[in-house]
There are 2 protein chains.
Amino acid sequence: MALIVQKFGGTSVGSVERILNVAQRVHAARRHGDDLVVVVSAMSGETNRLLGLAHEIDPEPAPRELDVILSTGEQVTIGLLSMALNRLGCPARSYTGAQVRILTDSAHNKARILGIDEQRMRDDLNQGRVVVVAGFQGVDEHGNITTLGRGGSDTTAVALAAALKADECQIYTDVDGVYTTDPRVVASARRLERITFEEMLEMASLGSKVLQIRSVEFAGKYNVPLRVLSSFGEGPGTLITYEEDDMEEALISGIAFNRDEAKLTILGVPDRPGVASHILGPIGEANIEVDMIIQNVGADGTTDFTFTVHRNDYTKALRLLEKIAGELGAREVNGDDRIVKISLVGVGMRSHAGIAGTMFKTLADEGINIRMISTSEIKISVVVDEKYLELGVRALHTAFGLDNDNKDSQAG
Amino acid sequence: MALIVQKFGGTSVGSVERILNVAQRVHAARRHGDDLVVVVSAMSGETNRLLGLAHEIDPEPAPRELDVILSTGEQVTIGLLSMALNRLGCPARSYTGAQVRILTDSAHNKARILGIDEQRMRDDLNQGRVVVVAGFQGVDEHGNITTLGRGGSDTTAVALAAALKADECQIYTDVDGVYTTDPRVVASARRLERITFEEMLEMASLGSKVLQIRSVEFAGKYNVPLRVLSSFGEGPGTLITYEEDDMEEALISGIAFNRDEAKLTILGVPDRPGVASHILGPIGEANIEVDMIIQNVGADGTTDFTFTVHRNDYTKALRLLEKIAGELGAREVNGDDRIVKISLVGVGMRSHAGIAGTMFKTLADEGINIRMISTSEIKISVVVDEKYLELGVRALHTAFGLDNDNKDSQAG
């Protein structure tokens, strides 16, 4: 008999029918003999409805009061799910973040969890009840309601799993696991049985938006086995854990990509200390997030400096960069907002030097010109023209042996 | 400087625009120098929306979970109102029933208030803040969320006023006070400056649905001065207190009436002990509420027994009564569902014997036949054919000097 924390997001509880479906699932797991703590989000659309009301009152609503309002979204869901479970003959009790005492700091709208009093949940579990907890919310030391910010329900689930030393934290989503790449781009993409926390962090930040990054970090920190699976289908999903000896022996776990990139280059900058911060300082102050950064030193005492930003920020960044170029006496500024980033991710690449070579050769064989390269411990990213995205991802997926042999098993 | 508890119902906070309007009113009172605790209901329609969701899950939802869901309605309103106040530069803080520790018993959906910890409110008041509290809800000794049942926000306001020993509890409604009778029936109806708790109880139960009866009882018990006034207009409203020497010296305070009555009579019942309970027992078991009850003893050892019920229950009650008549060997059963009840209410009538006489003569002068009469300490009720309702109420309103002399002051 295991202790499992299950988390269902807004889409999974988006209607009464879906809540009844979740109740059936929880009931089935309970009958299987597991002790269950279930974390739920607000019904999809509800948080936006509440935000809309608040913004009608005040475009910049008082943060403490915004939390009072937003926290009602999850409170409705816990009540409805507990009702549905009780109706199925599965004893259940709902708890708000304050009731189960998810203690946070007082940073309203983006609070951080400080501790959890798990005794009340244990009492219910010992009496055979399913414990249903509102995600995304907590209470500060003064009894004020706080929220963890958008997507915080994943974090709640992981934090409860850590506090209860649960055997597994299951995050139910609208996908049935983490894939080697986006199945919409590569039909033969394969669901991963396992992936490491580090790989998942690289995959998530690169655009495979399955889990909130913060919850993955949290799970890694407290060593909570995390499983991503589908709330609508069956199947084991993908388990996210630390690297183990019996891990799948793939060099590469997956291929992530990001369509919305733009790159900017400043050429012929006199090369002296402080150049990088002189260039990136004003960009950061304008709230433009920078992704990749590359600097090459030239032969004539000048340097070329390239970075990528979100495509929406391209025009703004270009204007800023032209001003900076004038101040620095740079030769030229250019840019391109029709580029994409493709990244190989895998803990296996740490010990295999040949991966970069295979990657570059595969792309060259397809006639794809690489515009930028950037590497980290478990990731290699290249920037290419956006027209090559699908071709490049598919070629790499095949080259690194990620293709699914049996198409029937793909859907899990 | 006074301490005032103000309560705004669902209609008064039914939209963002109305919440902003309430905030303006509260702010004005605050600037006037009063300390303020404001109790609000859910936005109109919200409680029904939440009930609808719950009933989709389960026609008989788990009471504990229903309270978790319903309590979110008021929670949204307290957040929105506090935001609006803060935006106006009027410092305010919202509290749920649990946060301000409105301790109740554990009777979910119809809990009773056991106590209130007023310290937290006092701290905020001392710091110049307006305290905004969710009506209708509390928390039991185990930390479970409870609700007081529909209309319970009035009770919350009175209970807070009692706990804080407030100078006045103001209930804002969609009418500007308690009238001598329904202004839609008698154009010259007059707003009462004052009325006693007892009179208010008789008026309320007779169909002047201005205040929840329970909150009037509560206010009377704890001697909390209660004021009914309009959330939309200006004016002092009506103050409900104990009888005082300087009370308006009216014999009659008001004329209440009830349109939805039906009467049933069982004639020629052999008169022996237990007849009344034999007749009313099955009626009560069928969940039919009985209003007036009259029994006359006849000359031939039989008795006639008449009672009134809500018009919706008429057919059901008639069928039951026919069955009972057979068991008792009664002579006949008849009924009428086209009747209304008109009642004079006033503490003044206790010491004036002539009131009943004036009432009956006034009706007779208009050719109105009285079908039933019932009296209490501060009330005389008659049943007449429904076609005489308006004529009767207007004639009595004039006969007892209740007409407004100055039509312009009527709207308050």
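Residues numbered from 1 in each chain as written. Chains lettered and ligands numbered in written order. Predicted model: local features only at pLDDT ≥ 70, side-chain atom pairs only at ≥ 80, totals over all residues.

**Focus: the overall build of chain A**
Thought 1: A tally of helices and strands in chain A yields eleven helices and 18 strands.
Thought 2: Over its C-alpha trace chain A gives a radius of gyration of 24 Å, about what one expects of a compact globule, namely 22 Å for 412 residues.
Thought 3: Taken along the three principal axes of its C-alpha coordinates, chain A extends 75 × 55 × 35 Å.
Thought 4: Expressed as a percentage of the 412 residues in chain A, the buried residues total 48%. (Helix = DSSP H or I, 4+ residues; strand = E, 2+ residues; numbered from the N terminus. Rg over C-alpha atoms; globule rule 2.2 N^0.38 Å. Buried ≥ 20, exposed ≤ 12 C-beta atoms within 10 Å, placed from the backbone.)

**Section: helix 2 (residues 46-57) of chain A**
Thought 1: Over its twelve residues, helix 2 of chain A runs 17 Å from end to end, which matches the ideal 16 Å to within 8%, given 1.5 Å per residue.
Thought 2: Where helix 2 of chain A is concerned, the buried positions are Thr 47, Leu 50, Leu 53, Ala 54 and Ile 57 of chain A. One side of helix 2 of chain A holds all its buried residues, which, seen down the axis, span an arc of 125°. Those residues of helix 2 of chain A that are exposed and angled more than 90 degrees off the buried face are Asn 48 and Gly 52 of chain A.
Thought 3: Contacts from the buried residues of helix 2 of chain A go to helix 3 (63-87) of chain A together with helix 1 (16-31) and helix 3 (63-87) of chain B. (Expected span 1.5 Å × (residues − 1). Arc of directions from axis to C-beta. Contact = placed C-beta atoms within 7 Å.)

**With respect to the nonpolar core**
Generally speaking, a soluble globular protein has its nonpolar side chains buried in company with each other.
Thought 1: Core analysis: the largest hydrophobic core is formed by 235 residues, its most contacted members being Leu 81 and Leu 160 of chain A together with Leu 81 and Leu 160 of chain B.
Thought 2: Residues within four places of Leu 81 of chain B in sequence aside, it is in contact with Val 13, Ile 19, Val 22, Ala 23, Val 38, Val 40 and Val 132 of chain B. (Core = buried A, V, L, I, M, F, W, Y, C linked by C-beta atoms within 7 Å.)

**A word on the interface of chain B and chain A**
Thought 1: On the chain A side, the residues contacting the 28 residues of chain B number 28 residues.
Thought 2: Its residues assigned to classes, the side of chain B that touches chain A shows 16 nonpolar, eight polar and four charged. (Nonpolar A, V, L, I, M, F, W, Y, C, P; charged D, E, K, R; others polar.)

**Observations regarding the packing of helix 8 (residues 275-285) of chain B against helix 9 (residues 314-328) of chain B**
Residues and elements named next belong to chain B.
Thought 1: With their axes 9 Å apart at the nearest point, helix 8 and helix 9 run at an angle of 145° to one another. The interaxial crossing formed by helix 8 with helix 9 has right-handed handedness. On helix 9, the residues touching Val 275, His 278, Ile 279, Pro 282 and Ile 283 of helix 8 are Ala 317, Leu 320, Ile 324 and Leu 328.
Thought 2: Among the residues forming the contact of helix 8 with helix 9, the class breakdown is eight nonpolar, one polar and no charged. (Axes fitted to C-alpha atoms, helices over the stretch in contact; angles between N-to-C directions. Left-handed = near helix turned anticlockwise from the far one by under 90°.)

**Considerations on the relation of the copies chain B and chain A**
Thought 1: For the match of chain B to chain A, the screw axis carries a shift of 0.1 Å, the RMSD comes to 0.1 Å, and the turn is 180°. Expressed as a symmetry operation, the mapping of one chain copy onto the other fits a two-fold axis. When C-alpha distances to the rotation axis are compared across chain B, the minimum falls at Thr 72 of chain B, with a value of 2.7 Å. (Least-squares fit on C-alpha atoms with pLDDT ≥ 70 in both.)

**With respect to the domain arrangement of chain A**
Thought 1: Domain boundaries in chain A define domain 1 (3-173) and domain 2 (255-399).
Thought 2: For domain 1 of chain A and domain 2 of chain A, the distance between their C-alpha centroids amounts to 40 Å. (Domains from an automatic or database assignment.)

**Looking at the sheet that holds strand 11 (residues 226-230) of chain B**
Residues and elements named next belong to chain B.
Thought 1: One open sheet holds the eight strands; their spatial order is 3-6-2-1-9-11-12-10, and the pairing between them is mixed. Both edges of this open sheet fall to strand 3 (92-95) and strand 10 (194-196), since each of them pairs with a single strand only. Across the sheet, the axes of successive neighbouring strands diverge by a mean angle of 20°, strand direction being ignored.
Thought 2: Examined bridge by bridge, strand 2 (residues 35-40) and strand 6 (residues 130-134) share four bridges and lie parallel to one another. Note that in strand 6 the partner of Val 38 across the bridge is Val 132.
Thought 3: Contacts from helix 1 reach strand 1 (3-8), strand 2 and strand 6, with the element oriented near 160° to strand 2.
Thought 4: The strands touched by helix 5 (residues 152-163) within the sheet are strand 1, strand 2, strand 6, strand 9 (168-173) and strand 11, with strand 1 carrying the most contacts at an inclination of about 175°. (Pairing = 2+ DSSP bridges.)

**Observations regarding the pairing of strand 12 (residues 238-241) of chain A**
Residue and element names in this part refer to chain A.
Thought 1: Taking every second residue as pointing to the same face, the buried face of strand 12 carries Thr 238 and Ile 240, while none of Leu 239 and Thr 241 on the other face is buried.
Thought 2: As paired elements, strand 11 (residues 226-230) and strand 12 share three bridges and run antiparallel to each other. The residue bridging Leu 226 from the neighbouring strand is Ile 240, located in strand 12.

**Concerning helix 10 (residues 354-365) of chain B**
Thought 1: With twelve residues, helix 10 of chain B should reach 16 Å at 1.5 Å per residue; the first-to-last C-alpha distance of 16 Å fits that figure.
Thought 2: Looking one or two places after helix 10 of chain B, you find Gly 367 of chain B, whose phi comes out positive at around 75°.

**Topic: the environment of Gly 357 of chain B**
Thought 1: Within the element layout of this structure, Gly 357 of chain B appears in helix 10.
Thought 2: Between the C-alpha atoms of Gly 357 of chain B and Asn 334 of chain B, which are 23 residues apart in sequence, the distance is 29 Å.

**Some details on the confidence of the model for chain A**
Segments scoring low in pLDDT should not have their predicted coordinates read at a detailed level.
Residue and element names in this part refer to chain A.
Thought 1: Averaged over every residue, the pLDDT of chain A is 89; residues scoring 70 or more account for 94%.
Thought 2: Note that residues 407-412 has pLDDT below 50 and, in this model, nine contacts with residues that lie over four places away or in other chains.
Thought 3: The complex model carries a pTM of 0.80, and its ipTM stands at 0.77. (pLDDT = per-residue confidence, 0-100.)

**So, the sheet that holds strand 13 (residues 254-270) of chain B**
Residue and element names in this part refer to chain B.
Thought 1: Spatially, the six strands line up as an open sheet ordered 14-15-13-16-18-17, and their pairing is antiparallel. The open sheet has two edge strands, strand 14 (290-297) and strand 17 (372-376), and neither has a second partner. Direction aside, the axes of adjacent strands within the sheet are offset by 30° on average.
Thought 2: Sheet analysis places strand 14 next to strand 15 (residues 302-310), joined by six bridges and oriented antiparallel. Following the sheet pairing, Gln 295 is matched in strand 15 by Phe 305.
Thought 3: Sheet contacts for helix 11 (residues 389-399): strand 13, strand 16 (332-345) and strand 18 (379-385); angle to strand 13, the most-contacted strand, approximately 120°.

**Brief notes about unusual backbone geometry**
Thought 1: Located in the positive-phi region is Arg 101 of chain A, a residue other than glycine, with phi close to 55°.
Thought 2: In this structure, Asn 109 of chain B takes a positive phi of about 75° despite not being glycine.
Thought 3: Within the fold, Asn 109 of chain B resides in the loop between strand 4 (102-104) and strand 5 (113-116).
Thought 4: For Asn 109 of chain B, a count of 15 C-beta atoms within 10 Å gives the class partly exposed.

**As for the environment of Thr 11 of chain B**
Residue and element names in this part refer to chain B.
Thought 1: As for its position among the elements, Thr 11 is in the loop between strand 1 and helix 1.
Thought 2: Sequence separation of Thr 11 and Tyr 172 is 161 residues, and the distance between their C-alpha atoms is 9.9 Å.
Thought 3: If we skip the residues at most four places from it in the chain, Thr 11 touches Ser 44 and Asp 174.

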